[in-house]
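So you can see what is in the structure, the chains are spelled out below.
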Amino acid sequence: QQIMKHALFAILFFCPLFAFGDTNDEMAIRDLERAIQMTDATMEHSFSGSTSNMRMYDLYNLETQQGSGTADVWPYTAAIEAHCSVIEALDMLQEKAPQLYNDNRERYVKRLKQLFNSLDYYRGTYTLNSYARISQWSIYGVHRSNTKGTAAVTGIENVYDDQMWICREMVRAYKLTGDNDYLTKAEYLANYCIDGWDCCLDADGKEYGGISWGPGYNSKHSCSNGPIIQPLVWLAEIYKTDNEEANLRYFYILPDGTRTSEMRRHSEVYLEMARKVYAWQKEKLLNRQTGVYWDMLGAPGEIKYVGEGRNKYRDHVDNGGPSGTAYTYNTGTMLAGTAELYRVTGEENYLQDLNDL
């Protein structure tokens, strides 16, 4: 019998959540204790290597008690997510369970940083000709390398949804620990995802919008749009101050096709992009008959470009209609996104969407 680790970590993510809304202190503490036991057991059985070189198995065989294969970055990110959830629950139950807090918080914060450092085995660097600029990026590939910073990340070897989930957990990690390394990484990945927004203009001068599954794909998916909304709202809140300066360079396309940029405030760009991504996904991928979200908009596979050399940019490719399975998490990310947008804006349309979903 083999257990895929991302399934187990999905369970771990929800265990602490039951504690948050539970009025029974004993049950809340019990749930957290079980989450800690499950996380520790999974870390023991599905990870190998040293604390500076943590490798996650893809599968664990219960009969032979051996792990096999190497996990992709998505389940590895779920391990980070599980640690953030445990730390969050420990903080919420500190007064009710001080011994549990004292026994576990510091070691979970430490192991979270170890997981973060070993995430670099999935990191690689490449140059991307995107819709409005040409830049070099160091982001995370699907597959792990044997050396930090050398993972394959070109073409279909990296996808935007992986960067979005990592970004989300980096914001959570920063909010839980105050460690600026996490915030720096979250901002960087948020900017990379924004760079994937299709800012090409249609005949009416409106952005086509949407973020493709990855820079090597033209199809646009619910899973490569919805997950970035929540962390963008969080980042907007973090950066918004009375004296915030315009020090984020924002790239876009003029009606004549010229690529240009301007300096803007982080908080303005992040909240604006959260709104735009949410509006695009609701318009393009909400199934009005079922009330939940389609999986994707298909498209031809060839990436198209305009211009040459230093002025060669990615061009828009038309998508087909919505299709695919209505996966739960695609509606879940929009639930999370509209909840955050309603919380920070107070706009009733977000509350209505939240109730409808």
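Residues numbered from 1 in each chain as written. Predicted model: local features only at pLDDT ≥ 70, side-chain atom pairs only at ≥ 80, totals over all residues. Heavy atoms only, no water.

## Notes on the overall build of the chain
Then, in step 1: Counting secondary structure elements, the chain contains 10 helices and 14 strands.
Then, in step 2: Computed over the C-alpha atoms, the radius of gyration of the chain is 21 Å, within 12% of the 21 Å expected from 2.2 N^0.38 for a compact globule of 357 residues.
Then, in step 3: If one aligns the C-alpha atoms of the chain with their principal axes, the spans along those axes are about 65 × 45 × 45 Å.
Then, in step 4: Classification of the 357 residues of the chain by burial places 49% in the buried group.
Then, in step 5: Partitioning the contacts of the chain with sequence separation of at least 6, the portion at a separation of at least 24 is 65%.
Then, in step 6: Per element, the accessible surface of the chain, about 16,700 Å² overall, is 48% carbon and sulfur.
Then, in step 7: Computed over 35 positive and 48 negative side-chain charges, the inter-centroid distance for the chain is 3 Å. (Helix = DSSP H or I, 4+ residues; strand = E, 2+ residues; numbered from the N terminus. Rg over C-alpha atoms; globule rule 2.2 N^0.38 Å. Buried < 20%, exposed > 50% of the residue type's maximum accessible area, 1.4 Å probe, protein only. Contact = heavy atoms within 4.5 Å. Areas by Shrake-Rupley, 256 points an atom, 1.4 Å probe, with all protein chains shown as cover. Lys, Arg positive; Asp, Glu negative; His and termini not counted. Charge placed at Lys NZ, Arg CZ, Asp CG, Glu CD.)

## Describing the pairing of strand β9 (residues 248-253)
Then, in step 1: In this structure, β9 lies alongside strand β10 (residues 259-264), joined through 6 bridges in antiparallel fashion. The partner of R249 across the bridge, within β10, is M263.
Then, in step 2: The antiparallel pairing of β9 with β10 creates a hairpin that spans 5 residues between the two strands, and G257 there sits at a positive phi of about 95 degrees. (Pairing = 2+ DSSP bridges.)

## Thoughts on the environment of E272
Then, in step 1: With respect to the helices and strands, E272 occurs in helix α8 (residues 266-285).
Then, in step 2: E272 gets classed as partly exposed once you look at its relative accessible area, which sits at 25%.
Then, in step 3: Along the backbone, E272 and D31 are 241 residues apart, and their C-alpha atoms lie at a distance of 38 Å.
Then, in step 4: When neighbours within four sequence positions are excluded, E272 is seen to be in contact with Y250 and R264.

## With respect to the packing of aromatic side chains
Then, in step 1: Using the criterion set out here, one finds 11 aromatic pairs in the structure.
Then, in step 2: Seen in terms of ring centroids, W137 and Y192 are 5.1 Å apart; in terms of plane orientation they differ by 65 degrees. Their pairing is edge-to-face. Of this pair, W137 sits in strand β7 (residues 134-140) while Y192 sits in helix α6 (residues 180-195), placing them 55 residues apart in sequence.
Then, in step 3: Every member of this aromatic cluster is reached through a ring pair, and the members are W137, Y160, Y188 and Y192.
Then, in step 4: The cationic tip of R111 hangs over the ring face of Y108; the distance from NZ or CZ to the ring centre is 4.8 Å.
Then, in step 5: The residue whose ring lies beneath R264 is Y250, and the NZ or CZ to ring-centre distance is 5.0 Å. (Phe/Tyr/Trp six-rings, centres within 6.5 Å; stacked < 30°, edge-to-face > 60°. Lys NZ or Arg CZ within 6 Å of the ring centre and 35° of its normal.)

## Quick word on α8
Then, in step 1: The terminal C-alpha atoms of α8 lie 28 Å apart, and with 20 residues this matches the ideal 28 Å at 1.5 Å per residue to within 8%.
Then, in step 2: Considered for burial, the residues of α8 that qualify are H266, S267, V269, Y270, M273, A274, V277, Y278, W280, Q281 and L285. (Expected span 1.5 Å × (residues − 1).)

## Topic: the nonpolar core
Then, in step 1: Counting residues in each nonpolar core, the largest one holds 81 residues, and the members touching the most others are Y76, L235 and Y270.
Then, in step 2: Top contributing element to this core by residue count: helix α3 (residues 73-92), with 9 residues. (Core = buried A, V, L, I, M, F, W, Y, C linked by side-chain atoms within 4.5 Å.)

## Quick word on the sheet that holds strand β14 (residues 322-323)
Then, in step 1: With antiparallel pairing, the 3 strands of this open sheet are ordered in space as β8-β11-β14. If you trace the sheet from one side to the other, it starts and ends with β8 (220-221) and β14, each paired once.

## A short note on the pattern of salt bridges
Then, in step 1: This model, assessed by the stated rule, comprises 23 salt bridges.
Then, in step 2: The closest approach of N and O atoms between R172 and E88, which form a salt bridge, is 3.0 Å. Residue R172 is found in helix α5 (residues 160-177), and its partner E88 is found in helix α3; the two are separated by 84 residues along the sequence.
Then, in step 3: Its relative accessible area of 27% is what places E88 among the partly exposed residues.
Then, in step 4: Notably, a salt bridge pairs E272 with R264, separated by 2.8 Å at the nearest N-O pair.
Then, in step 5: A cluster of three or more residues bridged by salt bridges with shared partners is formed by E81, E88, R168, E169 and R172. (Salt bridge = Lys/Arg side-chain N within 4 Å of Asp/Glu carboxyl O.)

## Points about the side chain of K220
Then, in step 1: With respect to the helices and strands, K220 occurs in strand β8.
Then, in step 2: One polar contact links the side chain of K220 to the main-chain carbonyl oxygen of G209, over a distance of 2.7 Å.
Then, in step 3: The residues contacting K220, other than those within four sequence positions of it, are D198, G209, G210, I211, S212, W213, W280, L285, M296, L297, H316 and N319. (Polar contact = N/O pair within 3.5 Å; in protein donor to acceptor, adjacent residues only side chain to side chain.)

## A look at helix α4 (residues 98-118)
Then, in step 1: With 21 residues, α4 extends 30 Å from end C-alpha to end C-alpha; this agrees with the ideal 30 Å at 1.5 Å per step.
Then, in step 2: Among the structural elements, α2 (25-46), β2 (47-48), α3, α5 and α6 are those in contact with the buried residues of α4.

## Structural notes on unusual backbone geometry
Then, in step 1: One non-glycine residue, Q65, lies in positive phi territory at about 55 degrees.
Then, in step 2: You can see Q65 is positioned in the loop between β4 (59-61) and β5 (66-68).
Then, in step 3: Judged by its relative accessible area of 59%, Q65 is exposed.

## As for the packing of α5 against α6
Then, in step 1: It is the contact of α5 with α6, at a shortest axis distance of 8 Å, that shows an interaxial angle of 150 degrees. As judged from the angle between their axes, α5 and α6 are roughly antiparallel. In the packing of α5 onto α6, the handedness of the crossing is left-handed. Contacts between α5 and α6 involve Y160, Q163, M164, I166, C167, M170, V171, A173, Y174 and T177 from the former and N180, Y182, L183, K185, A186, L189, A190, Y192 and C193 from the latter.
Then, in step 2: Here the contact of α5 with α6 is composed, by residue class, of 15 nonpolar, 3 polar and 1 charged. (Axes fitted to C-alpha atoms, helices over the stretch in contact; angles between N-to-C directions. Parallel < 35°, antiparallel > 145°, perpendicular 65-115°, else oblique. Left-handed = near helix turned anticlockwise from the far one by under 90°. Nonpolar A, V, L, I, M, F, W, Y, C, P; charged D, E, K, R; others polar.)

These results come straight from atomic positions and should not be treated as a statement about function.
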